[in-house]
Amino acid sequence: MIIPKTSEEIELMRLSALMVSKTLGMIATEIKEGVTTLELDKKAEEFIRDNGAIPGFKGLYGCPSTLLTSVNEQVVHGLPTNRPIEDGDIVSVDCGVLMNEFYGDHAYTFEIGNVAPETKKLLQVTKESLYIGIREFKSGNRVEDVGNAIQKYTESFGYGVVRELVGHGLGKKMHEAPEMPNYGKRGRGKMFIEGMVVAIEPMINMGTKNIKTLKDGWTIVTRDNKPSAHFEHNVALVNGKPELLSTFQYIYNVLGITSNEEDEFRQKPLIL
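Residues numbered from 1 in each chain as written. Predicted model: local features only at pLDDT ≥ 70, side-chain atom pairs only at ≥ 80, totals over all residues. Heavy atoms only, no water.

Asker: Please explain the sheet that holds strand β7 (residues 167–169) as it appears in this structure.
Answerer: Strand pairing in a sheet is mediated by backbone hydrogen bonds. Such pairs are either parallel or antiparallel. One open sheet accounts for five strands, arranged β8-β7-β9-β14-β15; its pairing is antiparallel. The open sheet has two edge strands with one neighbour each: β8 (176–180) and β15 (241–244). For this sheet the average axis-to-axis angle between neighbouring strands, irrespective of direction, equals 30 degrees. Where β7 and strand β9 (residues 197–200) come together, two bridges link them in antiparallel fashion. (Pairing = 2+ DSSP bridges. Helix = DSSP H or I, 4+ residues; strand = E, 2+ residues; numbered from the N terminus. Axes fitted to C-alpha atoms, helices over the stretch in contact; angles between N-to-C directions.)

Asker: Which parts of the structure should I look at to understand unusual backbone geometry?
Answerer: For residues besides glycine, phi is generally negative; the peptide bonds are generally trans as well. Cis geometry marks the peptide bond from A177 to P178, where omega comes out at 0 degrees. Mapped onto the secondary structure, P178 falls in strand β8. Even without glycine at this site, N100 takes up a positive phi of about 55 degrees. Checked against the element boundaries, N100 lands in the loop between β4 (90–99) and β5 (102–111). Phi at N239 takes a positive value of approximately 55 degrees, unusual for a residue other than glycine. Relative to the elements of secondary structure, N239 occurs in the loop between β14 (233–238) and β15.

Asker: Explain the pattern of salt bridges to me, please; I cannot follow it from the model alone.
Answerer: Between side chains of opposite charge, a pair can form when the charged atoms approach closely. Counted under the stated rule, the structure contains 19 salt bridges. The partner of E243 in a salt bridge is R14, with the nearest N and O atoms 3.1 Å apart. Placement of E243 in strand β15 and of R14 in helix α1 (residues 7–30) is noted, with a sequence separation of 229 residues between them. Overall, E243 belongs to the buried group, its relative accessible area being 2%. (Salt bridge = Lys/Arg side-chain N within 4 Å of Asp/Glu carboxyl O. Buried < 20%, exposed > 50% of the residue type's maximum accessible area, 1.4 Å probe, protein only.)

Asker: Mind showing me how you'd approach the packing of helix α3 (residues 117–135) against helix α4 (residues 143–155) here?
Answerer: For any two helices packed against each other, the geometry comes down to the angle between their axes and how far apart the axes lie. At a minimum axis distance of 8 Å, the contact between α3 and α4 shows a crossing angle of 150 degrees. As summarised for this structure, α3 and α4 are arranged roughly antiparallel, according to the angle between their axes. Remark: the crossing between α3 and α4 carries right-handed chirality. Along the contact surface, α3 presents V125, E128, S129, I132 and G133, while α4 presents V146, A149, I150, Y153 and T154. Its residues placed into classes, the contact of α3 with α4 shows six nonpolar, three polar and one charged. (Parallel < 35°, antiparallel > 145°, perpendicular 65-115°, else oblique. Left-handed = near helix turned anticlockwise from the far one by under 90°. Contact = heavy atoms within 4.5 Å. Nonpolar A, V, L, I, M, F, W, Y, C, P; charged D, E, K, R; others polar.)

Asker: Mind showing me how you'd approach α4 here?
Answerer: Because each turn of an α-helix spans 3.6 residues, side chains separated by three or four positions in sequence point in the same direction. Helix length check: α4 (13 residues) gives 19 Å between terminal C-alpha atoms against 18 Å at 1.5 Å per residue, within 8%. Of all 13 residues making up α4, ten are buried, and the element is well covered by its neighbours. Among the residues of α4, those classed as buried are V143, E144, D145, V146, G147, N148, A149, I150, Q151 and T154. Where the residues of α4 are buried, they touch α3, β6 (160–161), β8, β9 and β10 (203–205). (Expected span 1.5 Å × (residues − 1).)

Asker: In this structure, what is going on with the sheet that holds β6? I would like to understand it.
Answerer: Read across the open sheet, the three strands follow the order β6-β10-β13; overall the sheet is antiparallel. A single partner strand is all that each edge strand has here, and the edge strands are β6 and β13 (228–230). Relative to the sheet, α3 contacts β10 and β13, its axis offset from that of β13 by approximately 35 degrees.

Asker: Looking at this structure, I do not really get the nonpolar core. What am I missing?
Answerer: Soluble globular proteins tend to pack their nonpolar side chains together in the buried interior. If you look at the biggest cluster of nonpolar residues, it comprises 54 residues, and the most contacted ones within it are I27, I31, F110, F137 and I200. If we ignore the near neighbours within four places in the chain, the residues touching I31 are L40, I85, V91, V93, F110 and I112. (Core = buried A, V, L, I, M, F, W, Y, C linked by side-chain atoms within 4.5 Å.)

Asker: Looking at this structure, how should I read the packing of aromatic side chains?
Answerer: How two aromatic rings sit relative to each other is given by the distance of their centres and the angle of their planes. Under the counting rule described, the total for this entry stands at ten aromatic pairs. A centroid spacing of 6.2 Å and a plane angle of 75 degrees characterise the contact between Y108 and Y252, whose relative ring orientation is edge-to-face. You can see Y108 sitting in strand β5 and its partner Y252 sitting in helix α5 (residues 249–255), a full 144 residues away along the chain. Residue class for Y252 comes out buried when judged on its relative accessible area of 2%. Ring geometry for Y131 and F265: centres 5.9 Å apart, planes at 10 degrees, overall stacked. In this pair, Y131 sits in helix α3 while F265 sits in the segment after α5, placing the two residues 134 residues apart along the sequence. Both residues of the pair, Y131 and F265, count as buried. The structure contains a cluster of three or more aromatic residues connected by ring pairs, namely Y108, F110, F231, F248 and Y252. (Phe/Tyr/Trp six-rings, centres within 6.5 Å; stacked < 30°, edge-to-face > 60°.)

Structure, rendered in structure tokens:
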């Protein structure tokens, strides 16, 4: 059952989402060649706790870490390791926090150094598909309208859309109804209702859509070992339209990126 939030609860969830955004912005200052994902994980936990929040992933379903860091062919749920990040890597950093009794949860895929042009294109298209999907999160639409928009756009580039992993509702639990697949047929699935909050997160592979889980029981990789990209935002349905609760702007400020991609999804101005 979908649990709609009041306007007051949505504002609390915005704070939770922005705490994740700030954490990812901090990671943007630290993530570079030679750094390990375990080092990033430690810094993220300290940052979250220092800011009065609780790591949302750590201990959830037995997860041992604050971040899930997925490198290159790793799709999602990569456990932090002592492997140094290398030039040319891409690293999806997925982070969750619990704050004000509500969860925030989103992700960004970082480019490290000299990334291959075809991999850069995968990241660009995946991030574009995120906003294409968010555009469909509005009154009168249904769950698979979002998935269909993401699928049509990414498959037009020959990419594979992961089926086994999906976005989700968000609230006092990390995973609430409804599931938000990145594929589907228009007009199918649960109807969107005012006040609902979801995590929309395309997981797009350069090659096959097929995946497998490594022996650690967490890390999911592409079956053909080609790269995978992952971007995620938290979005509320407010006045019948998508209201972005999270932001990549903290990351962009660090990386020197100028973008207005989020502007159309804000009924309230973003205050950093």
